[in-house]
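The chain contents come next:
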Amino acid sequence: MSSSLGRIGAIARTTFIELARLRVFYVLVLFALVLIISSSFLARISFQQELQVTKDIGLGAINFFLSMLAIVATAQLLPRDLEDRVIYSVLAKPVRRFEYMLGKFFGVLGLLIISLVAMSILCLAVIHLREGAAVRETMQQLAQSPSEELDHALVGVHQAGANRDLVLALLLTLTKAAVLISLTLCISSFATSNIFTITAMAMVYLVGHLESIARDFWLHQRAAGWLVRAFLAAVAFFFPDLQAFNLSDQIIAGGSLSNLMLLKLLGLGVIYIVGYLVIAIAIFSRREL
Amino acid sequence: MTEPAIRVIHATKIFPTPFRRRRIVALQDLNLEIAPGEIYGLLGPNGSGKSTTLKIILGLIGPTRGSVRIFGRDNSSVAVRRDIGFLPENAYFHKFLTGAETLRFHAKLSGLPRRQTKSRVAELLATVGLARAADARLGTYSKGMLQRIGLAQALIHYPKILVLDEPTAAVDPAGSRDIQNLIVSLKKRGTTILLSSHLLTQVQEVCDRVGILHRGKLLREGHLEDLLAIENQTELIVENATPDLLHRLEREIAAANARVVARRKPQTSLEQLFLKVTETGDE
Amino acid sequence: MKPVLALILILAAFVPLKLKMEAACDRIGPGALSIDLREQIGQAAFIAVLGGFRSVIADLLFIDAYSGWERTDWTYLLLRLRQATELQPRAILFWEMAGWHMAWNAGTAALEDDSKSPAARRRLQHDYLELGEDFLVRGIAHNPEKPQLYEALARLYRDKFHDHARAAENFEKASRLPGHASYDERFSAYELSYCEGREREAYDRLLTLYQRGENQRLPRLLNQLRAMEERLKIPANERVIP
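Please read these numbers as outputs of a predicted model, since none were measured by experiment. (Residues numbered from 1 in each chain as written. Chains lettered and ligands numbered in written order. Predicted model: local features only at pLDDT ≥ 70, side-chain atom pairs only at ≥ 80, totals over all residues.)

(A) Representation of the overall build of chain B. Along the backbone of chain B there are nine helices and 10 strands. Principal-axis analysis of the C-alpha atoms gives chain B an extent of 70 × 55 × 45 Å. Classification of the 283 residues of chain B by burial places 36% in the buried group. Long-range contacts, defined as pairs at least 24 residues apart, comprise 69% of the intrachain contacts of chain B with a sequence gap of at least 6. (Helix = DSSP H or I, 4+ residues; strand = E, 2+ residues; numbered from the N terminus. Buried ≥ 20, exposed ≤ 12 C-beta atoms within 10 Å, placed from the backbone. Contact = placed C-beta atoms within 7 Å.)

(B) Representation of the overall build of chain A within the structure. In terms of helices and strands, chain A carries 13 helices and zero strands. Going from N to C terminus, chain A has its helices and strands arranged as α-α-α-α-α-α-α-α-α-α-α-α-α. Taken over the C-alpha atoms alone, chain A extends approximately 75 × 55 × 35 Å along its principal axes. Here chain A, with 289 residues, has 48% of them falling under the buried criterion. For chain A, the share of sequence-separated contacts (at least 6 apart) that also reach a separation of at least 24 residues comes to 81%.

(C) Representation of the interface of chain A and chain B. At the junction of the two partners, chain A supplies 22 residues and chain B supplies 25 residues. Breaking the side of chain A that touches chain B down by element, the ones donating at least two residues are helix H1 (2-20) and helix H5 (86-91) of chain A. The leading source of residues in the side of chain A that touches chain B is H1(A), at seven residues. When the residues that make up the side of chain A that touches chain B are grouped by side-chain class, the tally is 10 nonpolar, four polar and eight charged. (Nonpolar A, V, L, I, M, F, W, Y, C, P; charged D, E, K, R; others polar.)

(D) Looking closely at the nonpolar core. Counting 193 residues, the largest nonpolar core has A:Ile62, A:Ala70, A:Leu112, A:Ala280 and B:Val163 as its most contacted members. Among residues more than four places away in sequence, those in contact with A:Ala70 are A:Val108, A:Leu112, A:Ala177, A:Leu180, A:Ile181 and A:Thr184. (Core = buried A, V, L, I, M, F, W, Y, C linked by C-beta atoms within 7 Å.)

(E) Broad picture of the sheet that holds strand E2 (residues 24-34) of chain B. Residues and elements named next belong to chain B. One open sheet holds the four strands; their spatial order is E2-E1-E4-E5, and the pairing between them is antiparallel. The two strands at the open ends of the sheet, each matched to only one other strand, are E2 and strand E5 (73-74). When strand E4 (residues 65-70) meets E5, the two strands line up antiparallel, connected through two bridges. Residue pairing for E5: Ile70 is matched across the bridge by Arg73. In the packing of helix H1 (residues 50-58) onto the sheet, contacts are made with strand E1 (6-15), E2 and E4, and the angle to E1 comes to roughly 120°. (Pairing = 2+ DSSP bridges. Axes fitted to C-alpha atoms, helices over the stretch in contact; angles between N-to-C directions.)

(F) Quick look at the sheet that holds strand E8 (residues 192-196) of chain B. Residues and elements named next belong to chain B. A sheet is described by the order of its strands in space; here six strands give the open sequence E6-E7-E8-E3-E9-E10, paired in mixed fashion. In the strand order of this sheet, the two ends are held by strand E6 (84-87) and strand E10 (217-223), each with one partner. With strand direction ignored, the average angle separating the axes of adjacent strands in the sheet is 15°. Pairing of strand E9 (residues 209-214) with E10 involves six bridges; the strand directions are antiparallel. Bridge assignment links His214 to a residue of E10, and that residue is Lys217.

(G) The arrangement of the arrangement of the chains in detail. There are two pairs of chains in contact here, and the one with the most contacts is chains A and C. There is a clear gap between chain B and chain C: no contact, and 13 Å between their nearest C-alpha atoms.

(H) Highlighting the pairing of strand E3 (residues 39-43) of chain B. Residues and elements named next belong to chain B. With five of five residues buried, E3 is to be regarded as a mostly interior element. Here E3 runs beside E8; their pairing, made up of four bridges, is parallel. Considered in E8, the bridge of Leu42 is made with Ser196. In this sheet, E9 lies alongside E3 in parallel orientation, the contact comprising four bridges. Looking at the pairing, Gly41 lines up with Val210 of E9.

(I) Local environment of the domain arrangement of chain B. Annotation of chain B at the domain level lists domain 1 (6-228) and domain 2 (243-282). The C-alpha centroid of domain 2 of chain B is placed 37 Å from the C-alpha centroid of domain 1 of chain B. (Domains from an automatic or database assignment.)

(J) Fine view of unusual backbone geometry. Residues and elements named next belong to chain B. Backbone geometry at His10 places phi at a positive 45°, although glycine is not the residue there. By secondary structure assignment, the location of His10 is in strand E1. For His10, a count of 12 C-beta atoms within 10 Å translates into the label exposed. Positive phi, normally seen in glycine, also occurs at Glu166, with a value near 55°.

(K) Highlighting helix H9 (residues 164-175) of chain C. Helix length check: H9(C) (12 residues) gives 16 Å between terminal C-alpha atoms against 16 Å at 1.5 Å per residue, within 8%. Along H9(C), the residues classified as buried are C:His164, C:Ala167, C:Ala168, C:Asn170, C:Phe171, C:Lys173, C:Ala174 and C:Ser175. (Expected span 1.5 Å × (residues − 1).)

(L) Structural view of the packing of helix H13 (residues 259-285) of chain A against helix H1 (residues 3-25) of chain C. Two elements in contact, H13(A) and H1(C), have axes separated by 10 Å at closest approach and are oriented at 165°. In this view, H13(A) runs roughly antiparallel relative to H1(C), as classed from their interaxial angle. Taken as a pair, H13(A) and H1(C) cross one another with a handedness that is left-handed. Along its contact with H13(A), which presents A:Lys264, A:Leu265, A:Gly267, A:Leu268, A:Ile271, A:Gly275, A:Val278, A:Ile279 and A:Ala282, the element H1(C) presents C:Ala6, C:Leu7, C:Ile10, C:Phe14, C:Leu17, C:Lys18, C:Met21, C:Glu22, C:Ala24 and C:Cys25. By residue class, the composition of the contact of H13(A) with H1(C) is 14 nonpolar, two polar and three charged. (Parallel < 35°, antiparallel > 145°, perpendicular 65-115°, else oblique. Left-handed = near helix turned anticlockwise from the far one by under 90°.)

(M) Spotlight on the environment of A:Val86. By secondary structure assignment, the location of A:Val86 is in helix H5. Given 19 C-beta atoms within 10 Å, A:Val86 falls into the partly exposed group. Sequence-distant contacts of A:Val86, defined by excluding residues within four places in its chain, comprise A:Asp81, B:Tyr92, B:Phe93 and B:His94.

(N) Seen up close, the confidence of the model for chain B. Residues and elements named next belong to chain B. With 90% of its residues at a pLDDT of 70 or more, chain B shows a mean pLDDT of 86. In the model of chain B, helix H9 (residues 270-282) stands out as the element of lowest mean pLDDT, 64, in contrast to helix H2 (residues 99-110), which has the highest, 95. Reported for the predicted complex are a pTM of 0.81 and an ipTM of 0.82. (pLDDT = per-residue confidence, 0-100.)

(O) Summary view of helix H3 (residues 50-75) of chain A. Taking 1.5 Å of rise per residue, the 26 residues of H3(A) would be expected to cover 38 Å, and the 37 Å separating its terminal C-alpha atoms lies within 8% of that figure. Burial analysis of H3(A) places 25 of its 26 residues in the buried class, which makes it a mostly covered element.

(P) A look at the environment of C:Tyr194. Its location among the elements puts C:Tyr194 in the loop between helix H10 (184-193) and helix H11 (199-210). A C-alpha to C-alpha distance of 22 Å links C:Tyr194 and C:Arg212, two positions 18 residues apart in sequence.

Structure follows, in structure tokens:
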């Protein structure tokens, strides 16, 4: 068991190093940083919405770039190893195919965690600065008002700022990205090229955000023809509900995430990750190299 | 009777092609046995099935029919690979890792205990002549250096069987000679070696037995001296023979109803000449 | 085991578990998007919405609404506010601002439009007031736990419709929700005091507030309490305000 973990760890480590040295990683992170910073300038257009816009754009950028990074980084792992024949020297060792896949998964996950931390720190710093400015502005505007009115306004400002739920939104974003890694590995396990995997995952990404609608339609709408229902069933069966992890909408609007809901969503994420990885390993185990 | 190191039993490999076109039969009913401590050369033109055979032996692909046993154990078990080291043809390794990191990575994959890794890595780097390039990234290595690091990673875990696919490809004659010497020293230590190469002179020098594959079938197999011997001819190399002596020998041969097929000066090989000249040049 | 069979078994285990867990995670989300929205906001924005950028697009639409306000293009403003609130119904600010823009800005502009007859102006203003009311009512339907929209609706009834009963009702509803403004109870009582036949109820409320202590005994409350005592002819020895 420990040697198995050792092999997975070794493959994860080399995967992480390989990805970290890709220039695309730095470009994506840079772009995300620029976008997050730009949200503070965009926010100035509407002074009443500063915090909301900052959060929306910040979280939206993190969501998008983490998802893109998950797909792009994972999609090129297997084709590169196959093309360079690195995979032969690795799998000729006593390395099980599932260890190889899990190593790749954790390697990319490590990269995403570091990217998320970097982007989150900046995003939270920008929100914190905006919150500070909003507090000063509020205190200025309500300088002559009764103290309880000022306190009420300040509570509103702080509620709109950074809080625990924002961190949970980021955690769910990471969960969604991990689901995308496992799904990309699943497609990559039988795909023959990088391009095919990325194209397929772009489609999966879009359809995944509509899965709940398709599922609802399939379950409750009987009037549609058999072909439509079969298509909707296929979407419901195989595609993940990516919209479930986009709770930032509600969180930013002030809705709170209960612990139970959080656990359910993390559980859903785990089911997706384990399910797609098992399918990926099953397919890859029978792949002829 | 000792179990063969490698035993391929009625292995057939058929690659399906899409859209129901004619299937590719890469191997047809291959039977192969390699004894422990033997050096076996697998020869054949491109497309003969050599790579397929190696991959099946290594468990990288499965045969359509038949099986492979490594020291009596079915090779579908991953644990069997602890006894095998593999140098792929034209292999690249992770370019972003240094030579030492590459060997440590492969040591980890092979299950080599951590306490042995450091010394083993240093030992192998010295053996393959890469001690000074240990901390350079593989991306900066020449092809010959990559080949040598490949050999080192194949040996990292003291394998009982070494599978080498074109081990001296892209290596200069001096390096090639070193690899050959290494192969011979490994044989002396009891390592079984399966070698696939286009360089027939090299195969001739190191291998005990060879097998010749063509279109997925093993056409000829056996010990070199048996395969190469021309049955009814004998070679006699004489030093300091006078023309008179040679004339008398030819008369004796004719009188015995034998025939002198050829009379010529033996030649050294270009490789030997190259080595002799360059070694002298170094001095 | 044959590969296809293995895959079928894996899917047979995975799919039901997946569907069950997804159902458990279903919650009241922002809701499905109308087809009209796709035509209104364009393909790129619609794709972005589908891709999980609902909030960002809603923000951009809301910000763009300001340009309609600056140009006093009330139709454009209304369209953008409708789109923003459809995309992000959990954003209180959107509903609040939409109600304010329609009732106060558009309504006032309609009332002051010299190109129309006085009757037409009043009619148009009334239409905008109703649009403002509609935004706030729908906002409350999506966010029943937020006091801000009840407060905004109460102000609308008070200042524009002059409907003191409904204003009182909405201030009172707001006062029962967490995070409400400190003045909600007082304002509810004030509005109630203007309602015919509810003076006693208003008086009781004002008295209860008075009895809570100094922080409630603001000048307006004291004046209103005095006025109620007068109107109800409370005996002098029972009055709290001399």
